[in-house]
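This is what each chain is made of:
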Amino acid sequence: SFVLKLLWNSCSSNPISPSFTDLSPGSVLIYPEELRELREQPIDPQAEQEIIDSIEEVYFSNDSFDMVQHELEKLPPELNLQELEEYRDKLKRQQAAVSKKVADLILEKQPAYVKELERVTALQTNLQLAAVICTNARRQLSVAKEGFTEASLGLLANQRRRQLLTGLLKSLRTIKTLVKLTHMEEDYPGAIQLCLECQKAASTFKHYSCISELNSKLQDTLEQIEEQLDVALSKTCKHFDVSHYTKVQLAYTLLGKTQTAMDQLHMHFTQAIHNTVFQVVLGYVELCAGNADTKFQKMQYKDLCTHITPDSYIPCLTDLCKALWEVMLSYHHTMQWHEEHDKQETTPTPGKSFTCSLAVDRSYVKKKLEHGLTRIWQDVQLKVKAYILGTDMSNFKYDDFIVVLDVISRLMQVGEEFCGSKSEVLQESIKRQSVNYFKNYHRARLEELRMFLENETWELCPVKSNFNIAQLHEFKFMGQCRSPSVSPSRQAASLSSSAQEELSLFQQYQREGNPFEMHMEHKEEETEDVLASNGYESDELEKSVYQDYDSDSDVPEELKQDYVDEQTGDAPLKSVPRETMRTKKKSDYNLNKTNAPILTNTTLNVIRLVGKYMQMMNILKPIAFDVIHCVSQLFDYYLYAVYTFFGRNDMYESSGLGLISSRLRTTLNRIQESLIDMEAVGENAGVHGPAEDRKEKVPSPHLSQLVVLTNSGTLYGLAQRVVATESLVFLAEQFESLQSHLDAMMPAAKKPFLQQFYSQTVSTASELRKPIYWIVAAKAIDYEQMLLMMAGVKWDIREIMSQHNVYVDVLLKEFEQFNKRLGEVSRHVRIPLPVSNVLWEHCIRLANRTLVEGYANVKKCSNEGRALMQLDFQQFLMKLEKLTDLRPIPDKEFVETYIKAYYLTENDMEQFIKNHREYSMKQLANLVNVCLGSHINKKARQKLLAAIDDIDRPKR
């Protein structure tokens, strides 16, 4: 506002007298003469720009700015005339600079303004000329219109009507014959095209009475064609033919009923599904009934399914799926036809225009077909569900039930490829049948396992050294697929060619064949080759080595023991020089047997059961957790049986040596509570839960009477114990190898159960070696005799002895005899290195603890007697190390520490008692009474005995 006011005051051609009426509140009272003087003064451009820049920003803010008010507000409280005049001069200079700047800009743009004004004037002249031309043109057209005669146009119209009537007459003569001919040849588009042309021509002459009657007849003919067309459309639901369907669709397009045709097509597919399944099931029901009774034809489909017999169940199911496959394949072909047709339509071709109505039809058809996928698959699921639930399959054979699962699995695969569905309806129905079947099947298998265990003599089952569970028929499905989500039939089919694996089912069987035809072809079982002849491999070199080795009668017994590689634990497969044999480990008992797995017929049966369970789980994942839970029960029951038969002995369990870890104890208690029916024993009747809970449990098995565990000649059934324990360990190893496969099929929410099963149960199998072999070690050597002999030794001698006591020789003789018996047992059953180590560890540990117990029974002992104890123990160790390779010797420090404790003082003894709680109260009391008895007073002895009693009290 400041600039404009200055411009107005400075550029006005008429002199403006100062008048207060012309000034707005924001104006400045400046005379023109003063502005003229300021403008006439020569100003440097740079100085002029600096003056303009010095203007306050607030003057450029907006038009409503009141500059007078602003300047008045800026005045100081005390006014100074000189300062005010200086400030006024400054404002004048700013105004003059702005005015000069604006005037310069106007003068600079004036030529362009003049030029543009000339162009506007010329344009106005041209527009006036154009208006005159248009007025003249309209007047000329009006004259031409009035001067053109109507006679010429009338002649043309009559000629055109004459030509149409001639064509109509020709069409009327041939239409009847032509319609009949096109019906016979199924040329629906030709018939409809002709009818439509006739209708169009007839509508032109509808004012003639004869033509109107003809028009109604043409309409009737068109309706008859539509009826025939609907029948032709329904035929495509079972057997799709490209040329046939193309004609039908073209005919509907001519009628303008593309959307109606699609609605009708889906109705026909729904009807086709119902009619197909009903006819298939009805055929089997009437065939099995064997009479001509027509009552079945009036039944509902759901009721009809309940009349299928078990023998005809699988063939009927297969035919049912085959028929439904044909319907879905036809729908798939229908969608393909429309996709290809749409591509051709969208390709621009000369002479074709893409209309809006065509786009609407195509969009409707596409949506209808996509929606129909889910609807048709839902109908298929409901029909198959009714069939599945119509029969009780709990008594089916396992192989038959697997075939049913396989067929349904293949059908669900079809559904996934058909419309991306997870087939929840089918999964739920087959899950109900599977849970029901599997519950009965597992119960029967547990009873069968109990029978096997109670009749098991724990003899070695001869298998080849390279035996692997993958060689069993039940585990073939694992080798046929990497992914556990593929059904066995699909796995077998996928082996045909690598290229075919990448194709979907609809691509593989697009032209011919059916995905449900291969089940019977792959049902034949493959032969297995896992058993060895007479328990030996067929390697003749290996046999000759064993025969030569066994015939060496001049070789000492301790050298007639087997050799196992120290690093791998494998037996040699080629001939070994006898010098080499004599240098091998003494604790190995493997040379005269191949390094084949140790397992029994029952173990093999359990492994086969696991394979069957996994095969069922592989096909039907919704029951994966139930199956894995049952698999764990098989292992639990086998482990519990081995422990019950060979490891349960209260006398040795109470030895306090930690033979059964807390983890193993917890596992055994869990199995007993959750799986073992203790009420069946008859001792605790009424203690446990009701009969419903007992259905889930199995009675505890009993050891066969043919298994004798009390004969010292067989080391108390060591061979049977080895077979039983090591077969359990082998079974645990197989479970370990299957963990990743089971984990892949386990639901995420249930995986902690599987992890706990492996960490708490499977991993404890090898821990059963300790309690089972402990019983053998405890009975194989007469420790009581050693105690009696030690009691007869005089320990309060006064001279250093150089000869050890006789009990050491007797004990070593017992160990040599034990070693010889181990060698004899190993001729019948291979004794793995871990087993021989556990046996030797137990025997040595028991012997050492017996030595300590014998030393604790001493009433009097001198320093020389203590030295004799050390001499005896060192002699025992030296001879023992020649018999076994077990290092370090178990409980060696246990004995040495006890003997050395005889030399402790009173203060050291008190600390010894606190630090060594592994010794019994009696053993510690003996140290106090015998060693320190003569060196301390009665009060000090009572103090030490009290300390021993305090340590022992928590144990009690």
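Just so it is clear, the model here is predicted, and its values are computed rather than measured.

## Some points on the overall build of the protein chain
Scanning the protein chain for helices and strands turns up 38 helices and two strands. Split into buried and exposed, the 956 residues of the protein chain put 43% on the buried side. Long-range pairs, those at least 24 residues apart, make up 80% of the contacts in the protein chain with a sequence separation of at least 6.

## A short note on helix H31 (residues 783-791)
Buried residues of H31: Tyr783, Met786, Leu787 and Met790, and no others. Along the long axis of H31, the arc covered by the buried residues comes to 100°, so they all point the same way. What points out from H31, more than 90 degrees from its buried face, is the exposed set Glu784, Leu788 and Ala791. Those residues of H31 that are buried lie in contact with helix H30 (769-780), helix H32 (806-826) and helix H33 (833-856).

## A word on the packing of helix H36 (residues 906-915) against helix H37 (residues 921-931)
Close contact between H36 and H37 brings their axes to 11 Å; oriented N to C, the two are set at 175°. One way to sum up the angle between H36 and H37 is to call them roughly antiparallel. On the side of H36, the interface is formed by Met909, Phe912 and Ile913, while H37 contributes Leu924, Leu927 and Val928. Residue composition of the contact of H36 with H37, grouped by class: six nonpolar, no polar and no charged.

## A closer look at the pattern of salt bridges
Per the counting criterion, the structure on display carries 21 salt bridges. Between Arg119 and Glu116 there is a salt bridge, and its shortest N-O distance comes to 3.5 Å. Within this pair, Arg119 and its partner Glu116 are both found in helix H5 (residues 81-147), separated by three residues, close to a single helical turn. Classification of Glu116 as partly exposed rests on a relative accessible area of 43%. Ionic pairing is found between Lys922 and Glu853, a salt bridge with its closest N-O pair at 2.9 Å. A residue pair is termed long-range when its members are at least 10 positions apart, and Lys922 in helix H37 and Glu853 in helix H33 qualify at 69 residues. By sharing partners, the salt bridges in this structure join Arg443, Glu447, Arg450 and Glu454 into a single network.

## Some thoughts on a nonpolar patch on the surface
Side chains of Val68, Leu72, Leu75, Leu79 and Leu84 sit close together on the surface and give an oily, nonpolar patch of about 400 Å² of accessible area. As for its position among the elements, Leu84 is in helix H5.

## Observations regarding the packing of H32 against helix H34 (residues 863-883)
Running from amino to carboxyl end, H32 crosses H34 at an angle of 15°, the nearest separation of the two axes being 10 Å. For the element pair H32 / H34, the angle class is roughly parallel. With respect to the hand of their crossing, H32 and H34 are arranged in right-handed fashion. Residues Tyr807, Val808, Leu811, Leu812, Phe815, Glu816 and Asn819 of H32 form the contact with H34, whose own contacting residues are Asp872, Gln875, Phe876, Lys879, Leu880 and Leu883. Among the residues making up the contact of H32 with H34, the classes are represented as eight nonpolar, two polar and three charged.

## A few points about the side chain of Gln875
Inspection of the secondary structure puts Gln875 in helix H34. Leave out the neighbours within four places in its chain, and Gln875 touches His804, Val808 and Leu812.

## Here we look at the state of the cysteines
Taken as a whole and judged by the stated rule, the model has zero disulfides. Between Cys321, a cysteine without a disulfide, and Cys316, which holds the nearest cysteine sulfur, the sulfur-to-sulfur distance is 9.5 Å.

## What to know about the packing of aromatic side chains
All chains considered together, the criterion is met by 31 aromatic pairs. An angle of 45° between the planes, with centres 5.2 Å apart, marks the rings of Phe240 and Tyr245 as tilted. Side by side, Phe240 and Tyr245 carry an identical accessibility label, which is buried. Aromatic pair Phe818 and Trp840: ring centres 5.5 Å apart, planes at 80°, arrangement edge-to-face. Of this pair, Phe818 sits in helix H32 while Trp840 sits in helix H33, placing them 22 residues apart in sequence. When its relative accessible area of 1% is taken as the criterion, Phe818 is described as buried. Looking at Trp840, the relative accessible area reads 0%, which means it is buried. An aromatic cluster of three or more residues is present, and its members are Tyr398, Phe401, Tyr437, Phe438, Tyr441 and Tyr613. One cation-aromatic arrangement involves Lys750 over Phe625; the distance from NZ or CZ to the ring centre is 4.6 Å. Across the ring face of Tyr903, the terminal group of Arg866 is positioned such that the distance to the ring centre comes to 5.6 Å.

## Quick notes on the confidence of the model for the protein chain
Taken residue by residue, the protein chain gives an average pLDDT of 79. The fraction at 70 or more is 77%. The spread of mean pLDDT over the elements of the protein chain runs between helix H20 (residues 540-550), the lowest at 38, and helix H27 (residues 718-737), the highest at 94. Note that residues 482-501 has pLDDT below 50 and, in this model, 33 contacts with residues that lie over four places away or in other chains. Of the regions scoring below 50 in pLDDT, residues 519-525 engages in nine contacts with residues more than four places distant in sequence or in other chains.

## Here we look at a negative patch on the surface
Negative charge collects at one region of the surface, where Glu83, Glu85, Glu86 and Asp89 lie side by side. Note that Asp89 resides in helix H5. Since its relative accessible area comes to 31%, Asp89 is described here as partly exposed.

## Some thoughts on the environment of Leu282
With respect to the element layout, Leu282 can be found in helix H10 (residues 258-289). Here the alpha-carbon distance between Leu282 and Ile308, two residues 26 residues apart in the chain, equals 9.2 Å. In contact with Leu282, not counting residues within four places along its chain, are Phe296, Gln297 and Leu304.

## A look at the nonpolar core
Within the largest apolar cluster, 225 residues are counted, with the highest numbers of intra-cluster contacts made by Phe815, Tyr855 and Phe876. Broken down by element, the residue count for this core peaks at 16 residues, all from helix H23 (residues 624-647). Other than its neighbours up to four places away in sequence, Phe815 contacts Ile781, Trp840, Cys843, Ile844, Ala847, Phe876, Leu880 and Leu883. Grouped together as the second largest cluster of nonpolar side chains are 10 residues, Ile52, Met67, Leu91 and Ala97 included.

## Some words on unusual backbone geometry
In the segment running from Arg887 into Pro888, the intervening peptide bond is cis, with an omega of -5°. With respect to the element layout, Pro888 can be found in the loop between H34 and helix H35 (892-900). Its identity as a non-glycine residue notwithstanding, Trp458 has a phi of 55°, on the positive side. With respect to the secondary-structure elements, Trp458 resides in the loop between helix H15 (424-455) and helix H16 (476-480). Among the residues examined, Trp458 registers a relative accessible area of 1% and is labelled buried. Despite not being glycine, Leu715 has its phi angle at roughly 55°, a positive value. For Leu715, a relative accessible area of 0% translates into the label buried.

## As for the side chain of Asp636
Relative to the elements of secondary structure, Asp636 occurs in helix H23. Assessed through its relative accessible area of 4%, Asp636 is described here as buried. When neighbours within four sequence positions are excluded, Asp636 is seen to be in contact with Arg670, Ile671, Leu675, Phe757 and Thr761.

Rules of the game
- Residues numbered from 1 in each chain as written.
- Predicted model: local features only at pLDDT ≥ 70, side-chain atom pairs only at ≥ 80, totals over all residues.
- Heavy atoms only, no water.
- Helix = DSSP H or I, 4+ residues; strand = E, 2+ residues; numbered from the N terminus.
- Buried < 20%, exposed > 50% of the residue type's maximum accessible area, 1.4 Å probe, protein only.
- Contact = heavy atoms within 4.5 Å.
- Arc of directions from axis to C-beta.
- Axes fitted to C-alpha atoms, helices over the stretch in contact; angles between N-to-C directions.
- Parallel < 35°, antiparallel > 145°, perpendicular 65-115°, else oblique.
- Nonpolar A, V, L, I, M, F, W, Y, C, P; charged D, E, K, R; others polar.
- Salt bridge = Lys/Arg side-chain N within 4 Å of Asp/Glu carboxyl O.
- Patch = residues over 30% accessible without salt bridge, like charges linked within 9 Å, V, L, I, M, F, W, Y side chains within 5 Å.
- Areas by Shrake-Rupley, 256 points an atom, 1.4 Å probe, with all protein chains shown as cover.
- Left-handed = near helix turned anticlockwise from the far one by under 90°.
- Disulfide = S-S within 2.5 Å.
- Phe/Tyr/Trp six-rings, centres within 6.5 Å; stacked < 30°, edge-to-face > 60°.
- Lys NZ or Arg CZ within 6 Å of the ring centre and 35° of its normal.
- pLDDT = per-residue confidence, 0-100.
- Lys, Arg positive; Asp, Glu negative; His and termini not counted.
- Charge placed at Lys NZ, Arg CZ, Asp CG, Glu CD.
- Core = buried A, V, L, I, M, F, W, Y, C linked by side-chain atoms within 4.5 Å.

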